[in-house]
Amino acid sequence: YGCVGLKSLSIPFVGASKAEQGVTYTNGAHLFGYIFGNGWENGTSITQKYSSATNATVSYTIPTSLSVVHLTVEEYIPYGAFTNVVSLHNITLPSGGQAEGQSYTLRYIADYAFQGCSNLETVTLGELTSRIGSYAFANCSNLTNVCFTDSLTFIDSFAFYECHSLKNINLPNTLRHIGYYAFRGCTELSPPMLPDKHHLPHLELPEVHPSSLLQS
């Protein structure tokens, strides 16, 4: 509470406890801001989404100086976990890390997980990350690079909506689905960089030309 000068942070998971896929949260205990509380001076006030059912939000205060986060054992980034953490520049996600004799790697990024992280620049997915949820990185306007791995199979609709700075993506041949407008508003990203049936024969695209994944 009140960690005004905190610049980097290494934590095992987001919020109060390790997240579980399929759980519907009724409060903000699974959110990043939960560990900092609210209302202390000289921090940045943020509003975070915590419920997909009600679109409910909660306010927290985070250190303005906190720009680097390292997650060690989280296997599932829950709904809205880092929503609007505007100070965040870089995040390291679990990829085969060890804790208490067990190996952990990130497998799933839920809807709105990093939505509104406007200063986030680079993301490297875990070795076993298979799914990126809807609006997971929406409005990350300074995101320039996303490192996908060979386990990725599913990118949901609007996953990278309005990521204006995103220039380079390397989609793996394991990919099976890209949702509607997954890259809509990515004005620096050109349609030829997206896959087609020839390169990824098992890929399911919306019934539109791949360029419509970018813009309406």
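Structure: above.
## Side note on the overall build of the protein chain
A count of helices and strands for the protein chain gives 0 helices and 15 strands. Each of the 216 residues in the protein chain was classed as buried or not, and the buried ones make up 46%. Long-range contacts, defined as pairs at least 24 residues apart, comprise 49% of the intrachain contacts of the protein chain with a sequence gap of at least 6. As displayed, the protein chain offers around 9800 Å² of accessible surface, 46% of which is attributable to carbon and sulfur atoms.

## Topic: the side chain of Ser-134
Along the chain, Ser-134 falls in the loop between strand E11 (131-132) and strand E12 (145-147). Given a relative accessible area of 13%, Ser-134 falls into the buried group. In contact with Ser-134, not counting residues within four places along its chain, are Asp-111, Tyr-112, Asp-156 and Ser-157.

## Things to note about the pattern of salt bridges
On inspection of all chains with the given rule, the structure shows 3 salt bridges. Ionic pairing is found between Lys-18 and Glu-75, a salt bridge with its closest N-O pair at 2.7 Å. With a gap of 57 residues between them, Lys-18 in the loop between strand E1 (8-11) and strand E2 (44-49) and Glu-75 in the loop between strand E4 (68-71) and strand E5 (76-77) connect regions that are remote in the sequence. Notably, a salt bridge pairs Arg-107 with Glu-75, separated by 3.9 Å at the nearest N-O pair.

## Overview of the nonpolar core
Core analysis: the largest hydrophobic core is formed by 51 residues, its most contacted members being Phe-82, Phe-114, Phe-137 and Phe-160. Taken together, the elements giving at least two residues each to this core come down to E1, strand E3 (57-62) and E4. Contact partners of Phe-137, with chain neighbours within four places excluded, come to Ile-109, Phe-114, Leu-120, Val-123, Ile-132, Leu-143, Ala-159, Phe-160, Tyr-161 and Cys-163. Core analysis: the second largest hydrophobic core is formed by 5 residues, Tyr-25, Tyr-76, Tyr-108 and Ala-110 among them.

## Description of the sheet that holds strand E15 (residues 177-178)
Strand order in the open sheet made by the 5 strands is E5-E9-E11-E13-E15, with parallel pairing throughout. Each end of this open sheet is capped by a strand with a single partner; those strands are E5 and E15. One ladder, built from 2 bridges, connects E5 with strand E9 (residues 108-109); its direction is parallel. In the sheet register, Tyr-76 faces E9, and the bridge partner there is Tyr-108.

## What about the packing of aromatic side chains?
Taken as a whole and judged by the stated rule, the model has 15 aromatic pairs. Ring centres of Phe-32 and Phe-36 lie 5.5 Å apart, and the angle between their planes is 70°; this geometry places the pair in the edge-to-face category. Assigned by exposure class, Phe-32 and Phe-36 land together as buried. Look at Tyr-76 and Tyr-108: their rings are 5.2 Å apart centre to centre, the planes differ by 35°, and that puts the pair in the tilted class. Taken together, the residues span a long stretch of sequence, with Tyr-76 in strand E5 and Tyr-108 in strand E9 at a distance of 32 residues. Tyr-76 gets classed as buried once you look at its relative accessible area, which sits at 9%. Clustering of aromatic rings is evident, with ring pairs tying together Phe-32, Phe-36, Phe-82, Phe-114, Phe-137, Phe-148, Phe-160 and Phe-183. If you follow Arg-131 out to its NZ or CZ, it ends over the ring of Phe-154, 3.8 Å from the centre. Positioned over the ring face of Tyr-181 is Arg-184, at 5.0 Å from the centre of the ring.

About the thresholds
- Residues numbered from 1 in each chain as written.
- Predicted model: local features only at pLDDT ≥ 70, side-chain atom pairs only at ≥ 80, totals over all residues.
- Heavy atoms only, no water.
- Helix = DSSP H or I, 4+ residues; strand = E, 2+ residues; numbered from the N terminus.
- Buried < 20%, exposed > 50% of the residue type's maximum accessible area, 1.4 Å probe, protein only.
- Contact = heavy atoms within 4.5 Å.
- Areas by Shrake-Rupley, 256 points an atom, 1.4 Å probe, with all protein chains shown as cover.
- Salt bridge = Lys/Arg side-chain N within 4 Å of Asp/Glu carboxyl O.
- Core = buried A, V, L, I, M, F, W, Y, C linked by side-chain atoms within 4.5 Å.
- Pairing = 2+ DSSP bridges.
- Phe/Tyr/Trp six-rings, centres within 6.5 Å; stacked < 30°, edge-to-face > 60°.
- Lys NZ or Arg CZ within 6 Å of the ring centre and 35° of its normal.

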